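Fold and contact review
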Amino acid sequence: MAEEGRIHLALFKDVYPATMALDKLRELGIPDKDMTVVSGVPYSDRILGRPKYMTRVPRYSIVGFVGGFILSLLLNLGTPYLYPIHVGGQPLYSIPPTILLTFELSMLGLIIFTFLGVLFESDFPSLGPKIYHPEISNGKVAVVFDCPPEIHTRVHESLAALGAEWVHRTEAKQL
Amino acid sequence: MTADATPISQAQIYDEEEDPRQHLMLDPRPREEMNSMVMEAMHTTTREYWIVVGVLTFLVVVCLFGAWGYMIATGMGVAGIRRPTMWGMFIANFVFWIGISHAGTFVSAILRVFKAEFRRPFTRAAELMTTFGLAAGAMYPLIHLGRVWTAYWMVPYPNQRQLWPNLRSPLSWDLIAITTYLLSSTIYIYLPLIPDVAMARDRSTGWRYKFYRLLALGWRGTETEWHNLRTAINIFAFAIIPVMFSVHTIVSWDFAVTQTPGWHSTIYGPFFIAGAIFSGVSAVAMILFLIRATLVNMKYFVREEHFDALGKLMLIFSFTWAYFYFNEYMVEWYGGDLAAKTVLKAFTQSPYGWIWYLMLFCNIAVPWLLLWNKRVRRTPWLMFVIGFLINVGMYAERFIIVPTEISTNRFPFMWGDYFPRIELVISIGSLSLFLLLFAVASRLIPLIPVWEVQEGQLAHSLKRFGKHEVATKSELE
Amino acid sequence: MPQTDNPKWGMVIDLDRCTGCSACVTACSLENNVPIVGEADAGYGRGMHWIRIERYWEGTYPNLTARFRPIMCQQCGNAPCEPVCPVYASYHSQAEQLNVQVYNRCVGTRYCGNNCPYIARQFNWFGYADMMPEPLNSQFNPDVTVRSRGVMEKCTFCIQRIRRGEETAKALGRPVLDGEVEPACAQACPSDAIYFGLLSDPESSVSQLSRSPRAEVMLEDLGTSPRVIYLKAGSGAIRKEQP
């Protein structure tokens, strides 16, 4: 978001006043990209009234699937070429075991890369200081926004009127 | 309507009116309170707990690693395997543990895909069972190797000798499939754990704080983080189901692709999967009873309704298992060749006859006679006993399949009975390892996925429908 | 004598001549360093003999007949033991058309032992060679590996003798003569019941005997195409024991 000193956090008891707070903030001139909701339970974009967000994690999954697929072709078709050993009257390049291992390795690739996708897209692990309030994991819903200093008193008053339990400018703290 | 009909009061018809607050989803508590209940459960360790952990550690060190080390130093001959039963209890244990590990995936993936709400409090305990079951089971392909110090030869990696393993062997498929499944289920436990570990981080000090802070990766709960996490969990839920099916099918093909009469059966794939989910769901029921009995505050989260649901699943899978088993038996009994029919006869003869009857009793008689009854299903200790008997029966089934079926083959001169020796000790060791891992995990990570429970509770409400209050579930996703 | 590039070695056992004397068992054990396992293990079914005399009794006393048959690794063309080995320790050698067991590569999963329909494979449960008391280990044949514990082994058609025969023939610049290569069992049999030679040579004795009307292979319907051909004994077909 913006530079230090402009980030504010407002804590609400549950999701209803938080969504009204988002509307209020928009009214007061804060753009959507300058606010975010931090909660202990996931809420969908529609419930929060936020613009739709497409996560990029599925792209990682597809890359992983393709990677696993290629690895399995290398193993199933490449290793008998490098080290041809005849067993049991079976052909060297046999289709049913190839299908089987291709499935397994593609799924392995998909799974590992999905996990890596979560890590990269969410910037994990990041153990440095962050904007947070421990009450969030107690079920409270926080609205974190970047507020220009001129309107910040007005913003604080309106959010408190909507039921915010705690509205302050915050600094990034060790989690 | 007759003139002398007396109106019946509501209380008379519905005298067993269910209090809707019996259901966890309709009995919400503030998240703060649920969080502290879960934290308290993690922090409470009684003297009995430490005694149990001590005994289990001793058993693991002596029975698993000690006995295994002795076997590595002396030779496979200290086990009871012989010609023609070159696979015995080690492989039966392997199949058993891999089977148990399917329960976690069934609960957290399949039930999640079908949006079965009752899964919410125990997905983590079930997934832990998967991971620890795999940890216990995946040791057995190493334990049963004649030269375990060369086991890395089975891994396909470029080497100076320019050798590659045989990827057409079912054991190579096993290696890759079980590695895939172990990694997937570890990651699948870990992803939904992140928000709960973040909660624990916010409430801990000292070494716990450092540990949870590392595990939580800096999780806060921003929209982006939730989007990524939920997408990943959904992808996993759908992806891990075919992996689960393929893993146990591949394990079953260790037997089915052979020429051995009795093993060479096309139905082994689905038969093993049905058996795996059957024994796994029963093991989940056992674990849930133990969790309720040994951890504080768990009775709020894991309730009779969950045992009820598990009991219904156990009954359904008992039918499924019996169907596949009867299918296999009938086909061999009627049209099997002489060798296959001889194997069937061997089931009822000593020294294995009692095992076969035990299997039928525990897998068929016990569930079919007891689990149809709602009161039985809602009694946790009874479900523990039934789950235990079912697992005994399923272990008997694996024992029948592995050493018993190969003891009878096409050359009666080479028939031979199998008697386990050091396998018994090592089996106790691996069971202790499973229980020890669970005991340690129960105090290290929150066993209940509180965010999922709260998510479900937010979606459920009571609504008046006609004269009755019914539960409704909103689609919050 | 015409010979193909890939010689196909085979064995014919005449069950009419076999007396069940077990000289072949003894000779094989001595030639191939087959370990002695001791009474307890042998009683538990861990005997290591590469060739066994299967014996079934027919009838009741005093009208008993014994039916016996020497069985060793059948060196199948489509060996079920080969594809199941995860490390290629058991594979089909293209040169001799034999089922080869590589002791150094064996990891000891024993899958091949389970999948052999003839139950012809053995496993080294202990380090028997190290357990041999002192002067006995001097009798080991230097041409044959002494196996460590944890590896599978089985009859190899005395591949060391096949190799020596082929090398001698090549040095002399001629093909291998029929009857020149003899495994230990064939050499020791007092009634000459075991014949060995090239099935790929249509004029060799094994080829001619394999065309006899008495010729059969075991478990033919499994499609393993074994290289050991049995000539049925006199009074009709050899019936398997009804269990």
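Residues numbered from 1 in each chain as written. Chains lettered and ligands numbered in written order. Predicted model: local features only at pLDDT ≥ 70, side-chain atom pairs only at ≥ 80, totals over all residues.

1. Points about the overall build of chain A
Helix and strand counts for chain A come out as five helices and six strands. Written out in order from the N terminus, the α and β elements of chain A read β-α-β-α-α-α-β-β-α-β-β. Expressed as lengths along the three principal axes of its C-alpha atoms, the size of chain A is roughly 80 × 30 × 30 Å. Evaluated residue by residue, chain A yields a buried proportion of 37% over its 175 residues. Of all intrachain contacts in chain A linking residues separated by at least 6 positions in sequence, the fraction that spans at least 24 positions is 84%. (Helix = DSSP H or I, 4+ residues; strand = E, 2+ residues; numbered from the N terminus. Buried ≥ 20, exposed ≤ 12 C-beta atoms within 10 Å, placed from the backbone. Contact = placed C-beta atoms within 7 Å.)

2. With respect to the overall build of chain B
The secondary structure content of chain B amounts to 19 helices and two strands. Its C-alpha atoms give chain B a radius of gyration of 25 Å, within 12% of the compact-globule value 23 Å for 477 residues. In terms of its C-alpha atoms, chain B occupies a principal-axis envelope of roughly 80 × 70 × 40 Å. Pairs at least 24 apart in sequence give 79% of the contacts found in chain B among residues at least 6 apart. (Rg over C-alpha atoms; globule rule 2.2 N^0.38 Å.)

3. Observations regarding the pairing of strand E1 (residues 7-12) of chain A
Every other side chain in a regular strand lies on the same face of the sheet, so the side chains alternate between the two faces. Residues and elements named next belong to chain A. Bridging between E1 and strand E4 (residues 141-146) involves six bridges; their strand directions are antiparallel. Bridge pairing links His8 to Phe145 in E4. Bridge analysis of E1 against strand E5 (residues 166-169) gives four bridges, and the strand direction is antiparallel. Bridge pairing links Ala10 to Val167 in E5. (Pairing = 2+ DSSP bridges.)

4. Things to note about the interface of chain A and chain C
As a measure of interface size, the accessible area lost when the parts come together is often cited. Counting residues at the interface gives six residues for chain A and 10 residues for chain C. Residues that form the side of chain A that touches chain C fall into these classes: two nonpolar, four polar and no charged. (Nonpolar A, V, L, I, M, F, W, Y, C, P; charged D, E, K, R; others polar.)

5. What to know about helix H2 (residues 31-43) of chain B
Residue and element names in this part refer to chain B. With 13 residues, H2 ought to run about 18 Å at 1.5 Å a step, and its terminal C-alpha atoms sit 18 Å apart, in line with that. Inspection of H2 places Arg31, Met34, Asn35, Val38, Ala41 and Met42 among the buried residues, and these make up the whole buried set. Buried residues of H2 fall within an arc of 125° about the axis and therefore sit on the same side. For H2, exposure combined with an orientation more than 90 degrees from the buried face picks out Glu40 and His43. On its buried face, H2 is in contact with helix H8 (170-202), helix H12 (298-301), helix H18 (422-444) and helix H19 (450-459). (Expected span 1.5 Å × (residues − 1). Arc of directions from axis to C-beta.)

6. A look at the sheet that holds E1(A)
Residues and elements named next belong to chain A. Here four strands make up an open sheet; going across it, the order is E2-E4-E1-E5 and the pairing antiparallel. Each edge of the open sheet is held by one strand with a lone partner, namely strand E2 (35-39) and E5. The mean angle between the axes of side-by-side strands here comes to 15°, regardless of whether they run parallel or antiparallel. The sheet strands contacting helix H1 (residues 15-27) are E1, E2 and E4, and the helix crosses E4 at an angle near 15°. (Axes fitted to C-alpha atoms, helices over the stretch in contact; angles between N-to-C directions.)

7. Considerations on the packing of helix H5 (residues 102-113) of chain B against helix H10 (residues 223-256) of chain B
A pair of packed helices is characterised by two quantities: the angle between their axes and the separation of those axes. Residues and elements named next belong to chain B. In the contact formed by H5 and H10, the axes pass within 9 Å of each other and the chain directions differ by 145°. Both H5 and H10 take part in a crossing whose hand is left-handed. For the pair H5 and H10, the contacting residues are His102, Thr105, Ala109, Ile110, Arg112 and Val113 in the first and Ala237, Phe238, Ile240, Ile241, Met244 and His248 in the second. Looking at the contact of H5 with H10 residue by residue, the classes come out as eight nonpolar, three polar and one charged. (Left-handed = near helix turned anticlockwise from the far one by under 90°.)

8. Some thoughts on the interface of chain A and chain B
In this assembly, 52 residues from chain A lie in contact with 52 residues from chain B. Taken together, the elements giving at least two residues each to the side of chain A that touches chain B come down to E2, helix H3 (57-82) and helix H4 (95-121) of chain A. For the side of chain A that touches chain B, the residue count by class is 31 nonpolar, 17 polar and four charged.

9. A short note on the sheet that holds strand E9 (residues 215-216) of chain C
Think of a sheet as strands paired side by side through backbone hydrogen bonds, with each pair either parallel or antiparallel. Residue and element names in this part refer to chain C. The strand order across the open sheet formed by four strands is E8-E1-E10-E9, and the pairing between neighbours is mixed. Taken across any chain shown, the strands that pair with only one partner, and hence form the sheet edges, are strand E8 (194-198) and E9. Both strand E1 (residues 9-14) and strand E10 (residues 228-231) contribute to a ladder of four bridges, which runs parallel. Bridge pairing in E10 places Val12 opposite Ile229.

10. Some remarks on the domain arrangement of chain A
We note that the domain assignment places domain 1 (7-41 + 139-174) and domain 2 (57-121) within chain A. Centre-to-centre separation of domain 1 of chain A and domain 2 of chain A, based on C-alpha positions: 48 Å. (Domains from an automatic or database assignment.)

11. So, the nonpolar core
Core analysis: the largest hydrophobic core is formed by 246 residues, its most contacted members being B:Val281, B:Val284 and B:Ala285. Take this core: its biggest share by element is 17 residues, from helix H11 (residues 268-294) of chain B. Residue-level mapping places this core at the junction of two domains, with at least three residues from each of domain 1 (7-41 + 139-174) and domain 2 (57-121) of chain A. Other than its neighbours up to four places away in sequence, B:Val281 contacts B:Ala103, B:Phe106, B:Leu310, B:Leu313, B:Met314 and B:Phe317. (Core = buried A, V, L, I, M, F, W, Y, C linked by C-beta atoms within 7 Å.)

12. A short note on the environment of B:Val113
Residue and element names in this part refer to chain B. Here Val113 lies in helix H5. Note on Val113: 13 C-beta atoms within 10 Å, which makes it partly exposed. Sequence separation of Val113 and Asn234 is 121 residues, and the distance between their C-alpha atoms is 8.1 Å.

13. Observations concerning the environment of C:Pro117
Within the fold, C:Pro117 resides in the loop between helix H3 (111-115) and strand E6 (122-123). Separated by 43 residues in sequence, C:Pro117 and C:Gln74 place their C-alpha atoms 9.9 Å apart. Beyond its immediate sequence surroundings of up to four residues, C:Pro117 is in contact with B:Gln259, B:Arg410, C:Pro80, C:Leu219, C:Leu222 and C:Thr224.

14. What to know about the packing of helix H3 (residues 47-74) of chain B against H18(B)
All names here are of chain B. H18 packs onto H3 with a crossing angle of 140° between their chain directions and a minimal axis gap of 8 Å. When the axis of H3 is compared with that of H18, the two are oblique. Between H3 and H18 the crossing geometry is left-handed. Residues Val52, Val53, Leu56, Thr57, Leu59, Val60, Cys63, Leu64, Ala67, Trp68 and Met71 of H3 pack against Ile422, Val425, Ile426, Ile428, Gly429, Ser430, Ser432, Leu433, Leu435, Leu436 and Ala439 of H18. Considering only residue class, the contact of H3 with H18 consists of 18 nonpolar, four polar and no charged. (Parallel < 35°, antiparallel > 145°, perpendicular 65-115°, else oblique.)

15. Observations regarding the confidence of the model for chain B
Of all residues in chain B, 96% attain a pLDDT of 70 or more, and the chain-wide mean is 91. What the predictor reports for the complex is a pTM of 0.92 with an ipTM of 0.92. (pLDDT = per-residue confidence, 0-100.)

16. Thoughts on the environment of C:Cys158
All names here are of chain C. Considering the arrangement of structural elements, one finds Cys158 in the loop between strand E7 (152-153) and helix H4 (159-171). C-alpha of Cys158 to C-alpha of Val87: the two residues are 71 residues apart in sequence and 23 Å apart in space. Once residues lying within four places of it in the same chain are set aside, the contact partners of Cys158 are Glu31, Pro183 and Ala184.

17. Quick notes on the pairing of E10(C)
All names here are of chain C. Of the two faces of E10, both are covered, the one formed by Val228 and Tyr230 as well as the one formed by Ile229 and Leu231. Of the pairings in the sheet, the one linking E9 to E10 comprises two bridges and is antiparallel in character. Residue pairing for E10: Ala215 is matched across the bridge by Leu231.

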